Amino acid sequence: MAASSTCMFRSSFFSPNPYSKQQSPAKSNGIHFFTPIKATASSTDDAISASTQPQKHRRPADENIREEARRHISSHNFSARYVPFNADPNSSEWYSLDEIIYRSRSGGLLDVQHDMDALKKFDGQYWRSLFDSRVGKTTWPYGSGVWSKKEWVLPEIDSDDIVSAFEGNSNLFWAERFGKQFLGMSDLWVKHCGISHTGSFKDLGMTVLVSQVNRLRKMHKPVVGVGCASTGDTSAALSAYCASAGIPSIVFLPANKISMAQLVQPIANGAFVLSLDTDFDGCMQLIREVTAELPIYLANSLNSLRLEGQKTAAIEILQQFDWEVPDWVIIPGGNLGNIYAFYKGFQMCKELGLVDRIPRLVCAQAANANPLYLHYKSGWKEFKSVKANTTFASAIQIGDPVSIDRAVYALKNSNGIVEEATEEELMDAMAQADSTGMFICPHTGVALTALSKLRKTGVIRPTDRTVVVSTAHGLKFTQSKVDYHSKEIKNMECRFANPPVQVKADFGSVMDVLKKYLLSKNSKF
């Protein structure tokens, strides 16, 4: 009886086998959910009830979590495939995810299309309960914020092929002081995707892509390594996940255009790094040409697999708000895959009944690399790429974004907005945010600037629940912070700089400085 109960309890965390006739959440459909019973010392009956609940026993000592997952493999009828992005519904063009292909026959982008009819056999409450049941667990592979939504990501991949660092499940925190002090807002939140394995949101997509490559290599497909062009964060994620799986990684980086913290990550993880005398767009052109000739799998966001992982951050936001929909979500944009990924995650939740609407999306660009902003301001007339100028938000220093069509689609279908931030605006916003206890990257400074502008114009109201997506960790950009607080940035006032005060090492001098400081903070002192 105990063994039976244990297996039953475990089944709520493993891939479901509920594909017979759909039943109500209260009945058995292959997944079993248990409501925890809270016991108190003053409630004997509750304590007895709690003691009789099924217990999950630890796996055998000689079995790892992959091996445990193999014992719980179950069949299902979920599937996904590549189709041309935004294709005519009557189009017959599609490709297996096991094919090595990046563009449609017409040369356009591809998208991963899920069998929505199969997913719709289960209602929104079913999916909410399933996803909630997996949060915070170490069960392979569902301890990952990405793979806890496996049925919506890569439903047909074997769990044994998955390469994961249990990424995702990133912090969503209430930016109380920043919201009140600088924006007059009471419901501002920051989704800190930079709290991740390699320090950026790119981990969410890379776990999916490298897992699929791992599967392809086991199928003896012609893949020797994986390559990417990068402004820093993509190469860090690719090299880490490839290293974990023992797959060679090749990185094209623009010379002298990324931070040392970003450069050292792929080097430390054993990637083959080529430093090229060009910008990101030049690196991107070269990697496309190279992957067309050599057995190197392309890992840039031209590859739609990455967006399947990145969309789970949107699902997480809803989950963290107990499935309530925020009013606004603001996302920094460079190559523009992420804005579409968030749209896709929100839209899937709406279509499958988990929520009844989607938030309005804002894409925030650096003014030095703002092709989407210019396209938006022109009324979506013919898109023109730009020559990206140097920006502290180096990961979005892109003038010819691959996912421009995806971004425009997402913004049009979410009643979205595009804003921009100058170098001084984004650095000031970063310094202001840091002064309230955050430690954000310049790209988040771009998003916060966009928010500030939309607050000033009244587009975003004081009580609107707003989420700013922080895409990377501030520790990757310490040099820019040092330069700002040292007031060493040319043609920038650095209004919120906080340099150290040089003081003589004697009691009187220290006391004078401290008294002056305390008086500035409290006139009653």
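Every chain is numbered independently, its residues counted from 1 as its sequence is written. Given that the model is predicted, a residue must reach a pLDDT of at least 70 before its local features are reported, and side-chain atom pairs must reach 80 or more before they are shown or counted; all residues, however, enter totals for whole chains, interfaces and linings. Derived side-chain values reflect all non-hydrogen atoms in the structure, with water molecules and hydrogen atoms excluded from consideration.

### With respect to helix α13 (residues 337–351)
- End to end, α13 covers 21 Å across 15 residues, agreeing with the expected 21 Å (1.5 Å per residue, within 8%).
- The buried fraction of α13 is high, at twelve of 15 residues.
- For each residue, the accessible area found with a 1.4 Å probe, counting protein chains only, is set against the maximum for its type, and the residue is called buried under 20%, exposed over 50%, and partly exposed in between. A helix here means a DSSP run of H or I that spans at least four residues, while a strand means a run of E at least two residues long, and both kinds are numbered starting from the N terminus. Within α13, the full set of buried residues consists of G337, N338, I339, Y340, A341, F342, Y343, K344, G345, F346, M348 and C349.
- Phi for G353, located one or two positions after α13, is positive at around 85 degrees. By this rule, a helix spans an expected 1.5 Å times one less than how many residues it contains.

### Quick look at the pairing of strand β11 (residues 417–421)
- Of all five residues in β11, five are buried, a share of seventy percent or more.
- Alternating residues of β11 divide into I417, E419 and A421 and V418 and E420, and every residue in both groups is buried.
- Strands are treated as partners if at least two bridges between them are detected by DSSP. Across five bridges, strand β10 (residues 360–366) lies against β11 in parallel orientation. Paired with Q365 across the bridge in β11 is E420.

### Thoughts on the sheet that holds strand β5 (residues 225–229)
- Read from one edge to the other, the open sheet built from four strands follows the order β7-β6-β5-β8, with strand pairing classed as parallel. Among the strands making up the open sheet, the edge pair consists of β7 (272–276) and β8 (296–298). Within this sheet the neighbouring strands show an average axis-to-axis angle of 25 degrees, counted without direction.
- By the convention used here, residues are in contact when the closest approach between their heavy atoms is within 4.5 Å. Here an axis means a line fitted to C-alpha atoms, over the contact stretch when the element is a helix, while the angle between two N-to-C directions is reported on a 0 to 180 degree scale. Packed onto the sheet, helix α8 (residues 233–245) meets β5 and β6 (249–254) and runs at close to 170 degrees relative to β5.

### Things to note about a nonpolar patch on the surface
- A surface patch of nonpolar side chains, about 370 Å² in accessible area, is lined by V501, V503, V510, V513 and L514.
- Within the fold, L514 resides in helix α19 (residues 507–521).
- Residue L514 is classed as partly exposed on the basis of its relative accessible area of 42%. Patch criteria: residues need more than 30% relative accessible area and no salt bridge. Like-charged residues are merged within 9 Å; nonpolar side chains of Val, Leu, Ile, Met, Phe, Trp and Tyr are merged within 5 Å. Computed with a 1.4 Å probe, the accessible areas rest on the Shrake-Rupley method; for each residue, only the protein chains presented here act as cover. Salt-bridge detection follows one rule: a side-chain nitrogen of Lys or Arg within 4 Å of a carboxyl oxygen of Asp or Glu.

### Describing the UniProt feature "modified residue: N6-(pyridoxal phosphate)lysine" (unreviewed entry) in the chain
- UniProt positions are given in the numbering used here, feature names are shortened, and annotations may be inferred rather than shown by experiment. Per the UniProt entry, the sites bearing "modified residue: N6-(pyridoxal phosphate)lysine" (unreviewed entry) are K202 in this numbering.
- Here K202 shows up in helix α7 (residues 202–218).
- Of the residues examined, K202 reaches a relative accessible area of 11% and is grouped as buried.
- When near neighbours in sequence (up to four residues on either side) are disregarded, K202 contacts D233, T234, A237 and R306.

### Considering helix α16 (residues 423–435)
- Its 13 residues give α16 an end-to-end C-alpha distance of 18 Å, which sits within 8% of 18 Å, the value for a rise of 1.5 Å per residue.
- Judged by how many residues are buried, α16 sits mostly within the fold: ten of 13 residues are covered.
- Within the span of α16, buried status applies to E423, L426, M427, D428, A429, M430, A431, Q432, A433 and D434.
- On the buried face of α16, the contacting elements are α6 (176–183), β10, β11, α17 (442–456) and α18 (478–485).
- Taken from the residues just after α16, G437 is the one with a positive phi, measuring 105 degrees.

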